[in-house]
Structures are given as structure tokens and as C-alpha cells.
Amino acid sequence: MTPGPANTIADVAGVTVGHRTLEEGNLRTGFTAVLPHAGNLFREKLVASVEVINGFGKSAGLIQVEELGTLETPILLTNTFGVGTGVNTLIRRAISENPEIGRSTGTVNPVVLECNDGYLNDIQAIALTAADAEAALAAAGVDFEQGSVGAGTGMSAFGFKGGIGSASRRFELDGRIFTLGALVLANFGKPGDLVLPDGRKPQPKASAQTEERGSVIIVLATDVPLESRQLKRVARRAGAGLARLGAYYGNGSGDIALAFSTATRLEHFEQRDLIVRDILREGKIDLLFQASAETTQEAVLNAMIASPAMRGRGRSKRPSLADWLQESRDHTG
């Protein structure tokens, strides 16, 4: 399918991404923020859904997204021990914008997704602060870095350096152009299992890892009007993109996809009993299934290619897939 102009999740109008990176001493970590729209998300919620491909994870907010089918805060990505900090930051942010939260109206559902960066990062330092989370939120824009930045700073994939990656696809419905974009936090895969689009299987040097463990978070955004059930179906197809890469969702891997649509904003203080919404005809949903698989696969590869080799905590190190590709080209002339 055809990529969008920037080939990132920000090709979906209104979606922005920001990072806060900590890379000093034994720290290799950070926050990445995804803002689904620039308005007040608590008051103007978006339709959303979650697919837990394998549930070895400690993310926050997924139960309510699954039950109610809505998203009402920005999405924060971070390391496993940064989830609590991210949750508190999103709650305080929502209260500052909506003082009635927890008083005259309900509470708020913060969404924070995580992967374990403890191989390269000193995760026990619990170094991330609310100021770091706020910095990622404040930095959100349509142009953002990929690779070893933000939440992706200390991540690994298939024995290589992992990180943050993104991709998008465009397609036509009723004579209009629509977009689906993916952003991934890639921290999964057993060394030697990665399958490139040309069929090659890169083998990282001196990797002692023998199990499939880690996690991958996939955030999917689209401007196609969908209901939450349809978004769950689209999110499920992110697993096809992971499988193309050689993943099999091992016991120790937390593989989670969250999808949302920017097409309709649902008012928190809606007064009508019945609302009317456009919904995609089910017979056309294959376009989004294909886009979900393609963008997930490419976003993971983009994360790895954009990440240089890294040394981290202790004697830990991860090679770069980009270096492997260059060496392969040099070897074959």
C-alpha cells in the first residue's frame, strides 16, 4: 500500500508525538507521548480498542478502554517501572484541565503502556519523574525522531538495538483519501528469528539470549470512522505484522496493540440520549487490516534501522541492524 507523506503515525491529522530521553551513566530510558488530538481528550473522547496478543505486561488503563471503547487521555509509553509515574502525570494533567474530575463527574482513565528496558537500562533506579513525562507531552509534534529515543532508548529487538518506529498507509474510501498510521515500541524477538522482507535472517553477534522475551507495544491511529469492535479487529491484525518479522509471541513477551479513530469525538457531557455516527461498512475493512499489518511490520524495522549500536548498564550492548545491513552489502560487493 502507499505510505503517507511522512510515513509516520502523524500522517493521521491531529496526531502528534513527543519524547523525553534519559541517556546518562547507566540510564537508557525515557517517555514517549502520543497525543491523539490537540483538544481536551477528557471532554472529547475518541473511539478506541485494545488487542492483547500476549498479556505478559504491566500497562495501565487497558481494561476501561476495552470495556467502554473510548480513549480520554494521551498515551504514554515508558519502561515497566515508569508506569506509575506516567499514570500520576496523566491524572494530574487531566485534573488541571478539568477540575470537576473526581468531584462532580467521574474519575479519569490514564493509558500508559510499557516494555522492560532492564537489559541496557538500570531499571531499578526508577529514574523517570513526572517532569520527564510532562516534557514528552510538551514536546509532541508532527515531526519526531525514531530509534533510540524516548521510551525506545533502552529497548532491544531480535538481539539488535530496538526502539521507537513508525509508518503509515493511505487508501481511498468513497472517493476520499484516508490514513492509518502505526507507532511501535519494539523490545521483543529471539536473536536469529528476525525475517527481513527479502527473506534474510540477520544473526546478531555474540548474543546470549536464547528465549523470546521482551515486549512490543503498537499504537494504531486512523481517520476512518470505526466503532470499537472494528478497531479491535484492526488492532488484532498488527499481530500479522509481528508474525511477518518472525515473532511468535513467546511466554515472556507482552504484545499489545491499541487502536483509535480520530473521526468522531464523543462528548463527555453529551446531553442527547441518541447520537448518530458514520461507521465503515464491514466489507471494506480489509483495507485497514492490510494497512495494520504493513505499518506494524515496517514500523518495527524502522525502529531498528534508526537505532545505532548501544552500550548500556554494566557490560551490556546491542548491535545495530543498520550496521549488519551495511556489512552485508560490503561483503556481497
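Conventions and cut-offs
- Residues numbered from 1 in each chain as written.
- Predicted model: local features only at pLDDT ≥ 70, side-chain atom pairs only at ≥ 80, totals over all residues.
- Heavy atoms only, no water.
- Phe/Tyr/Trp six-rings, centres within 6.5 Å; stacked < 30°, edge-to-face > 60°.
- Helix = DSSP H or I, 4+ residues; strand = E, 2+ residues; numbered from the N terminus.
- Buried < 20%, exposed > 50% of the residue type's maximum accessible area, 1.4 Å probe, protein only.
- Lys NZ or Arg CZ within 6 Å of the ring centre and 35° of its normal.
- Axes fitted to C-alpha atoms, helices over the stretch in contact; angles between N-to-C directions.
- Left-handed = near helix turned anticlockwise from the far one by under 90°.
- Contact = heavy atoms within 4.5 Å.
- Nonpolar A, V, L, I, M, F, W, Y, C, P; charged D, E, K, R; others polar.
- Salt bridge = Lys/Arg side-chain N within 4 Å of Asp/Glu carboxyl O.
- Pairing = 2+ DSSP bridges.
- Parallel < 35°, antiparallel > 145°, perpendicular 65-115°, else oblique.
- Expected span 1.5 Å × (residues − 1).

1. What about the packing of aromatic side chains?
For step 1, the next point in the chain: Scanning all chains against the criterion turns up one aromatic pair.
For step 2, the next point in the chain: Here the aromatic rings of Phe-158 and Phe-188 are separated by 5.1 Å at their centres, their planes lie at 65°, and the arrangement is edge-to-face. A residue pair is termed long-range when its members are at least 10 positions apart, and Phe-158 in the loop between strand 7 (156-157) and strand 8 (160-161) and Phe-188 in the loop between strand 10 (176-187) and strand 11 (213-222) qualify at 30 residues.
For step 3, the next point in the chain: On the basis of relative accessible area, Phe-188 is assigned to the buried category, the value being 1%.
For step 4, the next point in the chain: A cation sits over an aromatic face here: Arg-237 above Phe-289, 3.8 Å from the ring centre.

2. Remarks on the packing of helix 2 (residues 83-97) against helix 3 (residues 130-138)
For step 1, the next point in the chain: At their nearest, the axes of helix 2 and helix 3 sit 9 Å apart, and the two run at 60° to each other. For the crossing formed where helix 2 meets helix 3, the hand is right-handed. Taken together, the residues of helix 3 that come into contact with helix 2 (itself represented by Thr-85, Thr-89, Leu-90 and Arg-93) are Ala-130, Ala-133, Glu-134 and Leu-137.
For step 2, the next point in the chain: Looking at the contact of helix 2 with helix 3 residue by residue, the class counts come to four nonpolar, two polar and two charged.

3. Quick look at the pattern of salt bridges
For step 1, the next point in the chain: This model, assessed by the stated rule, comprises 15 salt bridges.
For step 2, the next point in the chain: Here Glu-51 ties to Lys-232 by a salt bridge, and the two come within 3.2 Å at their closest N and O atoms. Within this pair, whereas Glu-51 is found in strand 3 (residues 44-55), its partner Lys-232 is found in helix 4 (residues 228-236), the two being separated by 181 residues in sequence.

4. Some remarks on the pairing of strand 2 (residues 27-35)
For step 1, the next point in the chain: With nine of its nine residues buried, strand 2 lies for the most part within the structure.
For step 2, the next point in the chain: By the bridge criterion, nine bridges tie strand 1 (residues 16-24) to strand 2 in an arrangement that is antiparallel. Residue pairing across strands places Val-17 opposite Val-34, the latter belonging to strand 2.
For step 3, the next point in the chain: A loop of two residues connects strand 1 with strand 2, the two strands running antiparallel in sequence, and Gly-25 in this loop sits at a positive phi of about 55°.
For step 4, the next point in the chain: Bridge count between strand 2 and strand 5 (residues 75-79): three bridges; the pairing is antiparallel. Each residue of the ladder has a partner; that of Ala-33, found in strand 5, is Leu-76.

5. A closer look at the packing of helix 6 (residues 286-305) against helix 7 (residues 321-332)
For step 1, the next point in the chain: At a closest axis distance of 7 Å, the pairing of helix 6 and helix 7 adopts a crossing angle of 85°. When the axes of helix 6 and helix 7 are compared, the pair comes out roughly perpendicular. Counted together, Leu-301, Met-304 and Ile-305 of helix 6 and Leu-321, Ala-322 and Leu-325 of helix 7 form the full contact between these two elements.

6. Some points on the sheet that holds strand 10
For step 1, the next point in the chain: Pairing within the open sheet is mixed, and its six strands lie in the order 4-3-12-11-10-9. With one partner strand each, in any of the chains shown, strand 4 (70-71) and strand 9 (163-173) form the two edges of the open sheet.
For step 2, the next point in the chain: By the bridge criterion, 11 bridges tie strand 9 to strand 10 in an arrangement that is antiparallel. Residue pairing in the sheet places Ile-164 in a bridge with Leu-185 of strand 10.
For step 3, the next point in the chain: Along the sheet, helix 4 contacts strand 3, strand 10, strand 11 and strand 12 (252-267); its crossing angle with strand 3, the most-contacted strand, is approximately 40°.
For step 4, the next point in the chain: Where helix 6 meets the sheet, it contacts strand 9, strand 10 and strand 11, and its direction lies at approximately 155° from that of strand 9.

7. Let's talk about helix 2
For step 1, the next point in the chain: Given a rise of 1.5 Å per residue, 15 residues ought to cover 21 Å, and the 21 Å separating the end C-alpha atoms of helix 2 matches this to within 8%.
For step 2, the next point in the chain: Listing the buried residues of helix 2 in full gives Val-83, Thr-85, Gly-86, Val-87, Thr-89, Leu-90 and Ala-94.
For step 3, the next point in the chain: Against strand 2, strand 5, strand 6 (111-115) and helix 3 lie the buried residues of helix 2.

None of the figures reported here should be taken as evidence of function without further support.
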